[in-house]
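Read off the chains here:
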Amino acid sequence: MDNSLPTEFDVVVIGTGLPESILAAACSRSGQRVLHLDSRSYYGGNWASFSFSGLLSWLKEYQQNSDIGEESTAAWQDMIHETEEGITLRKKDETIQHTEVFCYASQDIDDNIEEIDDLQKNPSWVASSTLIKPLDSACLSEETHSLYVSSCEVPAKGTPENSGEVTDTAETLVKEEYCGYKTYKHRVSDGAKDEIKPILEDNSDPPKRNRITYSQIVEEGRRFNIDLVSKLLYSQGLLIDLLIKSNVSRYAEFKNVTRILAFREGKVEQVPCSRADVFNSKELTMVEKRMLMKFLTFCLDYEQYPDEYQAFTQCSFSEYLKTKKLTPSLQHFVLHSIAMMSESSCTTIEGLKATKNFLQCLGRFGNTPFLFPLYGQGEIPQCFCRMCAVFGGIYCLRHKVQCLVVDKESGRCKAIIDHLGQRINAKYFIVEDSYLSEETCSNVRYEQISRAVLITDQSILKTDSDQQISILIVPPVEPGACAVRVTELCSSTMTCMKDTCLVHLTCSSSKTAREDLESVVKKLFTPYAETEIDKEELAKPRLLWALYFNMRDSSGVSRSSYNGLPSNVYVCTGPDCGLGNEHAVKQAETLFKEIFPSEEFCPPPPNPEDVFFDGDDKQPEPLGANTIIIAQLESSEGSKNLESSEKHLQN
């Protein structure tokens, strides 16, 4: 089989993260010839989602230090002409650091625990990716450009697809060290730190709590879809608007986030955020309910009352809240659970804007402002990749790019040379920043994100329903420290197995991820293997498995920080620490406007009835009055289609 690609394109995109995927879709939609490459074996980059076994393989890749040999790098140098020079790209992704894995669930030594082998050993996975998910799982009707949101439990599919899954696999026996990276079998006691000991059988499990072993997690590993980056979609946010406008939302399904939680005085409690929640709350007095509603009503139109906040523009939002005669509990709810800000870093204007944004997103799809995509955040980049492919884009995974070819005279990039030694020409090049070499990034200073992924046996706030999707902000203990964002997902999100919860913790890094997040983990959870625990600890969810890692945050890096980039090479950054996806969408739209200033960014798809193909017997009628009238009608109905998304909410 000939592995060579066409040699002429308009746009070459390197990396399949969210901003790159949006850009690839926008370019392909505008009629450009797009080649979309990724050296990884999965879509999404640091935006990807993995099954449990896929996550283990991903961890192994980051523990391996082997790079491409010198043989493959020598080939491209012979293809550079005298009037050209090459800019080498990085051979290994170094955006993930300090990975630590802890297994608290008991090990069934007598059972054969099997897991899926390395991703790179089975190239047939590429053909089975969710990019070619059949349309019967699509949730959008053809008549409207609307977003499907499910608020009821979704029945589990036989084999959920995800960006890190392997279909035809070689299976290996799991040993004490899984996939070559460090896994600690952990037992915690009051007087000892992090002791590595075999886990003892716990025969004193509390009643009505299922015993879950590590072998069960591995066997049900395909039920998990574990996100590398934890984010939610604001119902009135830029990404939701883009999904609806471009009709990409037909490729994905979403669920409402059901609860906003608060952590106060060592306890987790639910925050009333909608009008109905406020008046139905049993935690607030009638006076507090009136005070809260009055303040939230003001925040919706705070710009119209500048006298109310102008004197406090230089103060923190927490200081401003104290002047509004709110009780301490209401101040805590507004600051940490509605504005979702920290006390020290949030100004009054920032807090009011965040509160208004929260309130404006309420009620569009449910009682909270947030949506979560079924099968994980990694579905979103793949949805845009699918749109790009529909309009003619070409995709290649496991396809490395050795260098960019730059013309010395003009300073513009002319081509790339891939790992097969093929030279591919293009007009514009879009590169994910993790591919840029150390020399190109020598002046760049990166931030870091601390991440933890936990598997637990129940929710942090148990209710009658075990199918809750919750978000919780844990305030910092020390002044100046960062708050920790906790997102808890249930099995109906198709991200974890039955009778478990998948919990994501995120904050800006000051140390390693474990050092930043372990204190919060201990406040909310208790290790599964503990036998001697008091009643308070017994009420906490039990921790079955934990992963800590640091992820590079390049969202604040400007183009001028990179050395020697040609003018037609555009850089996309990785995930930021924020809750939403606004930065990625803004970046994609800004770069698209720079490349194609006269083109519309991701316009609605054409009506199939208006598409004519070469060779059709019936030729389209010339543009006239009737055509203009139809176009005006469709345009006027466009806004109605955007609003019709609420009608697809299933209760």
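Per an unreviewed UniProt entry, the chain is named Rab proteins geranylgeranyltransferase component A, and its organism is Balaenoptera physalus. Regarding the chain, the relevant UniProt record gives this comment under Sequence similarities (unreviewed entry): "Belongs to the Rab GDI family."

Caption draft 1: Main features of the sheet that holds strand S4 (residues 84-88). One open sheet accounts for 4 strands, arranged S4-S18-S19-S20; its pairing is antiparallel. Every other strand in the sheet has two partners, leaving S4 and strand S20 (423-425) as the edge strands with one partner each. Ignoring which end each strand starts from, the neighbouring axes of this sheet average 30° apart. Sheet topology places strand S19 (residues 413-418) next to S20; 3 bridges connect them, and they run antiparallel. Bridge pairing links alanine 415 to asparagine 425 in S20.

Caption draft 2: The arrangement of the sheet that holds strand S28 (residues 569-572) in detail. The strand order across the open sheet built from 5 strands is S17-S2-S1-S21-S28, with neighbouring strands paired in parallel fashion. At either margin of the open sheet sits one strand with a lone partner, and together these are strand S17 (394-397) and S28. The average angle at which neighbouring strand axes cross in this sheet is 15°, direction not considered. Both strand S1 (residues 11-14) and strand S2 (residues 34-38) contribute to a ladder of 4 bridges, which runs parallel. Across the sheet, residue valine 13 finds its bridge partner in S2, namely histidine 36. Strands S1, S2, S17, strand S21 (428-432) and S28 of the sheet are contacted by helix H1 (residues 18-29), whose axis makes an angle of about 160° with S2. Sitting on the sheet, helix H11 (residues 379-390) is in contact with S2 and S17, with an inclination near 135° to S17.

Caption draft 3: Focus on the confidence of the model for the chain. Put simply, the chain has an average pLDDT of 79, and 74% of its residues get 70 or more. Within the model, the stretch residues 185-207 combines pLDDT values under 50 with 42 contacts to residues more than four positions away or in other chains.

Caption draft 4: How the structure looks around the pairing of S1. Burial along S1 is two-sided: Val11 and Val13 and Val12 and Ile14, pointing in opposite directions, are all buried. Between S1 and its parallel partner S2, the chain crosses via H1, and the hand of that crossover is right-handed. Two strands pair when backbone bridges link them, and S1 and S21 are joined in this way by 4 bridges, in the parallel orientation. Across the sheet, isoleucine 14 pairs through a bridge with valine 431, a residue of S21.

Caption draft 5: Inspection of empty space enclosed by the protein at higher detail. Within the structure shown, the criterion is met by 5 cavities of 30 Å³ or more. Estimates place the volume of the largest cavity at around 90 Å³. Classifying every residue of the lining of the largest cavity gives 2 nonpolar, 7 polar and 4 charged.

Rules used throughout
- Per-chain numbering applies: the sequence of each chain, read as written, is numbered from 1 onward.
- Given that this is a predicted model, residues contribute local features only at a pLDDT of at least 70 and side-chain atom pairs are listed and counted only at 80 or more, while totals for whole chains, interfaces and linings are drawn from all residues.
- Side-chain numbers come from the whole structure's heavy atoms, not from hydrogens or water.
- UniProt positions are given in the numbering used here, feature names are shortened, and annotations may be inferred rather than shown by experiment.
- By the convention used here, strands pair only if DSSP detects at least 2 bridges between them.
- Counting from the N terminus, the helices are DSSP H or I runs at least four residues long and the strands are E runs at least two residues long.
- Axis lines are fitted to C-alpha atoms, over the contacting stretch for helices. Their N-to-C directions set the angle, which ranges from 0 to 180 degrees.
- Every residue pair with non-hydrogen atoms within 4.5 Å of one another is taken to be in contact.
- On a scale of 0 to 100, pLDDT captures the predictor's confidence in every residue.
- Partly exposed residues are those whose accessible area sits between 20% and 50% of the maximum for their type, while under 20% is buried and over 50% is exposed, using a 1.4 Å probe and protein chains only.
- If the strands point away from the viewer and the path from the first strand over the helix to the second runs clockwise, then the crossover is right-handed.
- In the cavity and pocket records, a cavity denotes points on a 1 Å grid over the protein atoms alone where a 1.4 Å probe fits but cannot get out, a pocket denotes an open set with protein on both sides within 12 Å along at least 5 of 7 lines, and lining residues are residues with an atom within 4 Å of a point.
- Grid points are joined across faces, edges and corners, and a volume is the space filled by probe spheres set on the points.
- For this classification, the nonpolar set comprises Ala, Val, Leu, Ile, Met, Phe, Trp, Tyr, Cys and Pro, the charged set comprises Asp, Glu, Lys and Arg, and every other residue, Gly included, is treated as polar.

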